[in-house]
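# Examining the three-dimensional arrangement
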Amino acid sequence: MAIQLSDQPLLEWAGDSLAIALFEDAVELTGELASLDEKFAGILKELITEEEFTGKVNSTVFARVSANSPVRKIILVGLGKNEAFKVETLRRAAAAVGRIAKKQKSKVLGLSFPLWNNDPTASAQAIAEGVQLALYQDNRFKSDPEEKASQVETVELLGFAGQEAAINKANQIVSGVILARQLVAAPANSLTPITLAETAEQIAKDHGLQIQILEQEDCEKLGMGAFLGVAQASDLPPKFIHLTYKPEGTPKRKLAIVGKGLTFDSGGLNIKGAGSGIETMKIDMGGAAATLGAAKAIAQIKPDTEVHFISAVTENMISGHAMHPGDILTASNGKTIEVNNTDAEGRLTLADALVYTDKLGLDAIVDLATLTGANVIALGDDIAGLYTPDDALAGQIEQAAADSGEKLWRMPLEEKYFEGLKSGIADMKNTGPRPGGSITAALFLKQFVKDTPWAHLDIAGPVWADKENGYNGPGATGYGVRLLVDWVLSE
Ligand code: BES
Ligand code: MN
Ligand code: ZN
């Protein structure tokens, strides 16, 4: 599918479906729209009154124009109230239109959307992202690859001539989001530590990144006892992935993105029981997926910031050589951990990944992890939890969330709750009491970052959408890629 830009007048446009975006309580047909209504024998007016279209946010109506008309269908999409207009409104409206065009099997789609904030670049980028993300269909595991596939071939953005750079950037970002979705959606018998490392190598090769994959022996030498404790029950080798993007010249900032990379989480000997969603635990590498998706996008966008992309990848399995509940592990910073629950494995793998990253001497680290069910209980399926002791970094990430439309909410890192992780025999336990479980998980991670400003995002909710939700779902969302790209490009 290709996005095209044109300054063709609305009245002259020809194609399968023409979509017009309108604000709430401002659906009067004046100017160009009045002429268009006339051209199509009053169909716009009819559509608005008969369907009671008031322009409510994300509402859509459509009608077929007469058989041999140059436009086959008219779609109206609501933008909500003008006062509440955000760039995200455009992204979602474009997604809503995309979904209709897909159902109607349109090939050529035209969009007549207003500018947000008088900013054609941000507007074109958001529209191009929204429509492509909504149209994406993952048929890799279907015997019929055409099943339910979108037939949209061309999307024309009317009034956006000259915005090629914005479309390029949208395409680069979307390629990263789609990669992340594919990685999350791929089942654990297809996406393993080995194939995930191969994917990272492919990204490095395609887009000119440096790559280092640490094998088990390398991790042993570095003393990564927490990561390797989780990995020891698997028949598959663990892989520690480190991709680096270096700009030409002196970098403005040096950043790291660290992702939890559990290609499957059975829970270990504290095995996940019935109703625990064990069959969905292929998604437990959503942090690593966002990390690699961001790497793919950033390598194409080429900002003047150095970025490290890191993931300690393994599966959490059971076998005769599995960790026993109660085992004591030593992480690569020398701290000892009593594993009172083998299902709190993500924080163990992240502990060594964070110690490694902290030693790189960078300006900031953001980790993303499908870390706790408790975060989902607190914030639901759509909103990630942000945990950081650093207000400046929190501000940067909150801004990136607002720009990208990827929702998050800052949670407290209540130091007192660390008491729940005190161990009588080791430096700490890996699991505290059930109340505040996402906070103690974040406090656990904090023990492994000494020198670098750090923020943690618990993405256990938004990594997956059960139903259609804006430009996401049903299925893997690719949450985090757009947020991370926005963060890296900021300042
Ligand atoms: N991968 C899970 C968290 C998770 C839950 C992700 C639901 C996505 C959806 C994590 O490893 C886990 O098992 N966490 C436990 C921690 C508990 C043992 C302290 C949890 O949340 O129940
Ligand atoms: Mn677990
Ligand atoms: Zn997990």
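Residues numbered from 1 in each chain as written. Chains lettered and ligands numbered in written order. Predicted model: local features only at pLDDT ≥ 70, side-chain atom pairs only at ≥ 80, totals over all residues. Heavy atoms only, no water.

Per an unreviewed UniProt entry, the protein chain is named Probable cytosol aminopeptidase, and its organism is Anabaena subtropica FACHB-260. Taken directly from UniProt, the Function (unreviewed entry) text for the protein chain runs: "Presumably involved in the processing and regular turnover of intracellular proteins. Catalyzes the removal of unsubstituted N-terminal amino acids from various peptides." Heading Subcellular location (unreviewed entry) of the UniProt record for the protein chain holds this comment: "Cytoplasm". (UniProt positions renumbered as here; feature names shortened; annotations may be inferred.)

### A short note on the coordination of the manganese ion (ligand 2)
Four donors placed tetrahedrally around a metal ideally meet at 109.5 degrees, and six donors placed octahedrally ideally meet at 90 or 180 degrees. Taken together, the protein ligands of the manganese ion (ligand 2) are Asp265 (OD), Asp343 (O), Asp343 (OD) and Glu345 (OE), with distances of 2.0 to 2.2 Å. Around the manganese ion (ligand 2), the six donor atoms are arranged such that angles at the metal cover 71 to 167 degrees; this shape is classified as irregular. The sequence pattern describing where the donors of the manganese ion (ligand 2) fall on their chain is D-x77-D-x1-E. The two metals, the manganese ion (ligand 2) and the zinc ion (ligand 3), are separated by 3.2 Å and share aspartate 265 as a common coordinating residue. Classification of glutamate 345 as buried rests on a relative accessible area of 0%. (Donors = N, O, S within 2.8 Å, 3.2 Å for Na, K, Ca; no water. Tetrahedral: all angles 85-135°; square planar, octahedral: opposite > 155°, others 65-115°. Buried < 20%, exposed > 50% of the residue type's maximum accessible area, 1.4 Å probe, protein only.)

### Describing the site of ligand 1
Around ligand 1, the surrounding shell holds 16 residues, and the nearest of these are Lys272, Asp284, Asp343, Glu345 and Gly373. Measuring from an oxygen atom of ligand 1, one finds a side-chain N or O atom of glutamate 345 at 2.8 Å. One of the backbone nitrogen or oxygen atoms of glycine 373 is found 2.7 Å away from an oxygen atom of ligand 1. Here ligand 1 loses 76% of its free accessible area of 520 Å² to cover by the protein chains. Its residues assigned to classes, the shell around ligand 1 comprises four nonpolar, five polar and seven charged. (Near = heavy atom within 4 Å. Polar contact = N/O pair within 3.5 Å; in protein donor to acceptor, adjacent residues only side chain to side chain. Areas by Shrake-Rupley, 256 points an atom, 1.4 Å probe, with all protein chains shown as cover. Nonpolar A, V, L, I, M, F, W, Y, C, P; charged D, E, K, R; others polar.)

### Re the UniProt feature "active site" (unreviewed entry) in the protein chain
UniProt feature "active site" (unreviewed entry): in the numbering of this structure it lies at Lys272 and Arg347. On the secondary structure map, lysine 272 appears in the loop between strand 10 (261-265) and helix 9 (286-301). Among all residues touching lysine 272, those that are not within four sequence positions of it are Asp265, Ser266, Gly267, Ile278, Met281 and Asp343. Its place among the elements puts arginine 347 in helix 10 (residues 346-358). Judged by relative accessible area, which is 7%, arginine 347 ranks as buried. Contact partners of arginine 347, with chain neighbours within four places excluded, come to Leu371, Thr372, Asn430, Thr431, Ala441, Phe444 and Leu445. (Helix = DSSP H or I, 4+ residues; strand = E, 2+ residues; numbered from the N terminus. Contact = heavy atoms within 4.5 Å.)

### Digging into the nonpolar core
By size, the foremost hydrophobic cluster in this structure holds 65 residues, and its most contacted members are Ile257, Phe309, Leu408 and Trp487. Leaving out residues up to four positions away in the same chain, leucine 408 has contacts with Ile383, Ala384, Leu386, Ile397, Glu398, Ala401, Leu457, Tyr479 and Leu483. The next biggest cluster of nonpolar side chains, apart from the first, holds 45 residues, and it includes Phe418, Leu421, Met428 and Ile439. (Core = buried A, V, L, I, M, F, W, Y, C linked by side-chain atoms within 4.5 Å.)

### Here we look at the pattern of salt bridges
Any two side chains of opposite charge can pair if their charged atoms end up close together. Across all of its chains, the model carries 20 salt bridges by this definition. Here aspartate 25 makes a salt bridge to lysine 81, at a shortest N to O gap of 3.4 Å. Residue aspartate 25 is found in the loop between strand 2 (15-22) and helix 1 (32-39), and its partner lysine 81 is found in the loop between strand 4 (71-78) and helix 3 (87-103); the two are separated by 56 residues along the sequence. We classify lysine 81 as partly exposed; its relative accessible area is 37%. Residue glutamate 129 is joined to arginine 482 by a salt bridge in which the shortest nitrogen-to-oxygen separation is 3.7 Å. Residue glutamate 129 is located in helix 4 (residues 120-135), and its partner arginine 482 is located in helix 14 (residues 481-489); the two are separated by 353 residues in the primary sequence. The two residues glutamate 129 and arginine 482 agree in class, both being buried. The network of salt bridges with common partners includes Glu88, Arg91, Arg92, Glu129, Glu406 and Arg482. (Salt bridge = Lys/Arg side-chain N within 4 Å of Asp/Glu carboxyl O.)

### Section: the environment of leucine 179
Mapped onto the elements of the fold, leucine 179 is located in helix 5 (residues 164-185). Look at leucine 179 and you get buried, because its relative accessible area is 12%. Taking the C-alpha atoms as reference points, leucine 179 and alanine 290, separated by 111 residues in sequence, lie 8.5 Å from one another. Not counting residues within four places of it along the chain, the set of residues in contact with leucine 179 comprises Thr199, Ile203, Leu292, Gly293 and Lys296.

### Considering the coordination of the zinc ion (ligand 3)
Lys260 (NZ), Asp265 (OD), Asp284 (OD) and Glu345 (OE) make up the full set of protein donors to the zinc ion (ligand 3), lying at 2.0 to 2.4 Å. Seen from the zinc ion (ligand 3), its six donor atoms lie at angles of 78 to 173 degrees, and the figure they make is octahedral. Positions of the donor residues of the zinc ion (ligand 3), expressed as sequence spacing, correspond to K-x4-D-x18-D-x60-E.

### Some remarks on the UniProt feature "binding site: Mn(2+) 2" (unreviewed entry) in the protein chain
Under the local residue numbering, the UniProt record ascribes the feature "binding site: Mn(2+) 2" (unreviewed entry) to Lys260, Asp265, Asp284 and Glu345. In three dimensions, the annotated residues from a span of 86 residues occupy one location, with a maximal C-alpha spread of 11.3 Å. Its location among the elements puts aspartate 284 in the loop between strand 10 and helix 9. Note on aspartate 284: relative accessible area 2%, which makes it buried. In contact with glutamate 345, other than residues within four places in its own chain, are Val230, Lys260, Leu262, Asp265, Asp284 and Asn316.

### A closer look at the packing of aromatic side chains
Each aromatic ring pair is described using two quantities: the centre-to-centre distance and the angle formed by the ring planes. Tallying each qualifying case throughout the model produces four aromatic pairs. Ring plane angle 65 degrees and centroid distance 6.3 Å describe the contact between phenylalanine 227 and phenylalanine 240, whose orientation is recorded as edge-to-face. Taken together, the positions of phenylalanine 227 in helix 8 (residues 225-231) and phenylalanine 240 in strand 8 (residues 239-245) put the pair 13 residues apart, joining distant regions of the chain. Comparing phenylalanine 227 with phenylalanine 240 shows no difference in burial state: the two are buried. The side chain of arginine 92 reaches across the aromatic face of tyrosine 471, ending 5.6 Å from its centre. (Phe/Tyr/Trp six-rings, centres within 6.5 Å; stacked < 30°, edge-to-face > 60°. Lys NZ or Arg CZ within 6 Å of the ring centre and 35° of its normal.)

### Regarding helix 9
For helix 9, built from 16 residues, the straight-helix expectation of 22 Å at 1.5 Å per residue is met to within 8% by its first-to-last C-alpha distance of 22 Å. Here helix 9 lies mainly inside the structure; 14 of its 16 residues are buried. Just downstream of helix 9 lies lysine 302, where phi reads positive at about 55 degrees. (Expected span 1.5 Å × (residues − 1).)

### What about the sheet that holds strand 1 (residues 2-6)?
Pairing within the open sheet is mixed, and its six strands lie in the order 1-6-5-2-4-3. Looking at which strands have only one partner, the edges of the open sheet turn out to be strand 1 and strand 3 (60-64). Between one strand and the next, the sheet's axes are offset by a mean angle of 20 degrees, whatever the strand orientation. With five bridges joining them, strand 3 and strand 4 adopt antiparallel strand pairing. (Pairing = 2+ DSSP bridges. Axes fitted to C-alpha atoms, helices over the stretch in contact; angles between N-to-C directions.)

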